[in-house]
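# Observations on the model geometry
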Amino acid sequence: MKPSQQKVIIILGCGVLAVSTSAIFIRLALVAATTTGVGFSLFLAATRLNLAALLLIPTYSTWNRSELTRKGIYYAALAGLCLALHFAFWITSLSFTSIAASTTLVTTNPLWIAIISWLCYQEKPNQKTSLGIVLAIAGGIMISLSNPESNPEIIPKPWLGNLLALLGSFMASLYLLSGRIAQTQGLTTQAYIAIAYSTAALILLPLPLLWGESYFNHPQIIYLYSLLMAIFPQLIGHTSFNWAMRHFSATLVSLVILLEPVGSTILGLIFLGETPANLVILGGLIILSGVALAIIH
């Protein structure tokens, strides 16, 4: 049975709020770290996914085994691979660019998803949704082109960070679309996220070691941030979006995800003192307008 619109709005609202904390926890971990760079970024990504996968182990006993189709498992594992690459690119981007630019570019999913859905599944967005996408992407471009007053030691190479965030966005789009297919092949959301998150965790697990980064000897606060990332943006945020994919188009859900940079920018101002530039504020308002246009009937 399709859930009510009010229920969906509440769940997606909680999801947006939860994923908006991700960039904050990552930046706090980077500040607390004794080392930074690609290896440490991969450590954060791997720790987040592995902790999330471990927290899901108690749910295995509740699965309906008859719903575990081969095709469903295949697409869930493919989603996990895309999720691993998404985090590897995106979390690394936060070592080089601002929270506002990174979270904006990494949530350009509606553009990629609309194109892929149109070309592969003949799901052409209607005029309101198309206009909403254009407005939201325009707002995102404004935010990414802004020049926030930040310490260059924290934001050393914006161009590299922006490129990595864009690659992370494309992989996130494939992750959402693969997850949607997996759930249409009989997998419940609960079984799907366990397979996808565990696959991503296993792929990411050795990567920090290949870059010479240890899983041990980090400040204790960093492990707390990793646990908070596993609980809030991953288990609450991502899972709410995956649940919504069962009932609504991928394009519409990805449009709602565009609210993440707005939330992250506000939280960055409150907790980290990253003052948004005027373009960031204007871009955020345009994103809100685009999302509202697409989802309000």
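Cut-offs and rules
- Residues numbered from 1 in each chain as written.
- Predicted model: local features only at pLDDT ≥ 70, side-chain atom pairs only at ≥ 80, totals over all residues.
- Heavy atoms only, no water.
- Helix = DSSP H or I, 4+ residues; strand = E, 2+ residues; numbered from the N terminus.
- Rg over C-alpha atoms; globule rule 2.2 N^0.38 Å.
- Buried < 20%, exposed > 50% of the residue type's maximum accessible area, 1.4 Å probe, protein only.
- Contact = heavy atoms within 4.5 Å.
- Areas by Shrake-Rupley, 256 points an atom, 1.4 Å probe, with all protein chains shown as cover.
- Core = buried A, V, L, I, M, F, W, Y, C linked by side-chain atoms within 4.5 Å.
- Axes fitted to C-alpha atoms, helices over the stretch in contact; angles between N-to-C directions.
- Left-handed = near helix turned anticlockwise from the far one by under 90°.
- Nonpolar A, V, L, I, M, F, W, Y, C, P; charged D, E, K, R; others polar.
- Patch = residues over 30% accessible without salt bridge, like charges linked within 9 Å, V, L, I, M, F, W, Y side chains within 5 Å.
- Salt bridge = Lys/Arg side-chain N within 4 Å of Asp/Glu carboxyl O.
- pLDDT = per-residue confidence, 0-100.
- Expected span 1.5 Å × (residues − 1).
- Phe/Tyr/Trp six-rings, centres within 6.5 Å; stacked < 30°, edge-to-face > 60°.
- Parallel < 35°, antiparallel > 145°, perpendicular 65-115°, else oblique.

### A look at the overall build of the protein
Counting its secondary structure elements, the protein contains 14 helices and zero strands. N-terminal to C-terminal, the α/β element order of the protein is α-α-α-α-α-α-α-α-α-α-α-α-α-α. The C-alpha atoms of the protein give a radius of gyration of 18 Å, which matches the 19 Å a tight globule of 297 residues would have. On the principal axes, the C-alpha backbone points of the protein span a range of 50 × 45 × 30 Å. Across the 297 residues of the protein, 55% fall into the buried class. Put simply, of all contacts in the protein between residues at least 6 apart along the chain, 90% involve residues at least 24 apart. Carbon and sulfur atoms provide 70% of the accessible area of the protein, an area that totals close to 13300 Å².

### What to know about the nonpolar core
As a rule of thumb, nonpolar side chains are buried together in soluble globular proteins. Formed by 82 residues in total, the largest nonpolar core has its most connected members in Ile26, Leu44, Leu49, Trp90, Tyr175, Tyr192 and Tyr197. Of all the elements, helix H9 (residues 189–204) adds the most residues to this core, at ten residues. Apart from the residues lying within four places of it in its own chain, the contact partners of leucine 49 are Leu83, Phe87, Tyr197, Ala200, Ala201, Leu204 and Gln234.

### So, the packing of helix H1 (residues 5–20) against helix H11 (residues 220–244)
When two helices pack together, their arrangement is given by the angle between the helix axes and the distance between those axes. Following both chains from N to C, one finds H1 and H11 inclined at 145°, their axes separated by 8 Å at the closest point. Classified by chirality, the crossing of H11 by H1 is left-handed. Where H1 approaches H11, its residues Lys7, Val8, Ile11, Leu12, Cys14, Gly15, Val16, Ala18 and Val19 are matched on the opposing element by Phe232, Pro233, Ile236, Gly237, His238, Ser240, Phe241, Trp243 and Ala244. Its residues placed into classes, the contact of H1 with H11 shows 13 nonpolar, four polar and one charged.

### Side note on the side chain of asparagine 242
Of note, asparagine 242 is situated in helix H11. Setting aside chain neighbours within four positions, we find asparagine 242 in contact with Tyr175, Leu176, Gln183, Thr189, Tyr192, Ile193 and Tyr197.

### A closer look at unusual backbone geometry
Phi is positive for asparagine 217, close to 65°, though the residue is something other than glycine. If you trace the backbone, asparagine 217 turns up in the loop between helix H10 (207–210) and H11.

### As for a nonpolar patch on the surface
Residues Leu55, Ile221, Leu224 and Leu227 make up a contiguous nonpolar surface patch of roughly 300 Å² in combined accessible area. Top contributing element to the nonpolar patch by residue count: H11, with three residues. Mapped onto the fold, isoleucine 221 is located in helix H11. Isoleucine 221 gets classed as partly exposed once you look at its relative accessible area, which sits at 34%.

### Some details on the side chain of asparagine 109
Among the secondary structure elements, asparagine 109 is positioned in helix H6 (residues 109–121). Residues contacting asparagine 109, with those up to four places away along its chain left out, are Ser169, Ala172, Ser173, Ser254 and Ile257.

### Details of the confidence of the model for the protein
Confidence along the protein averages 85 in pLDDT terms, with 94% of residues attaining 70 or more. No element of the protein has a lower mean pLDDT than helix H5 (residues 99–105), which averages 74, and none a higher one than H9, which averages 96.

### Here we look at helix H8 (residues 158–184)
Its 27 residues give H8 an end-to-end C-alpha distance of 39 Å, which sits within 8% of 39 Å, the value for a rise of 1.5 Å per residue. Of the residues trailing H8, glycine 186 is marked for its positive phi of about 110°.

### As for helix H3 (residues 38–55)
Given a rise of 1.5 Å per residue, 18 residues ought to cover 26 Å, and the 26 Å separating the end C-alpha atoms of H3 matches this to within 8%. Summarising burial for H3: 14 of the 18 residues are buried, a large majority.

### Some remarks on the packing of aromatic side chains
Between two aromatic rings, the relevant description is the distance of the centres plus the angle of the planes. Evaluation of the coordinates by the stated rule reveals seven aromatic pairs. Aromatic pair phenylalanine 43 and tyrosine 223: ring centres 6.2 Å apart, planes at 90°, arrangement edge-to-face. One end of the pair, phenylalanine 43, is in helix H3; the other, tyrosine 223, is in helix H11, and 180 residues separate them in sequence. An aromatic cluster is defined as three or more aromatic residues linked by ring pairs; in this entry it consists of Phe40, Phe43, Tyr215 and Tyr223.

### What about the packing of H3 against H11?
One way to put it is that H3 packs onto H11 with a least axis distance of 8 Å and a crossing angle of 60°. Taken together, the axis directions place H3 and H11 in an arrangement best described as oblique. With respect to the hand of their crossing, H3 and H11 are arranged in right-handed fashion. Between H3 and H11, the contacting residues are Phe40, Phe43, Leu44, Thr47, Arg48, Leu49, Leu51, Ala52 and Leu55 on the first element and Ile222, Tyr223, Ser226, Leu227, Met229, Ala230, Ile231, Pro233, Gln234, Leu235 and His238 on the second.

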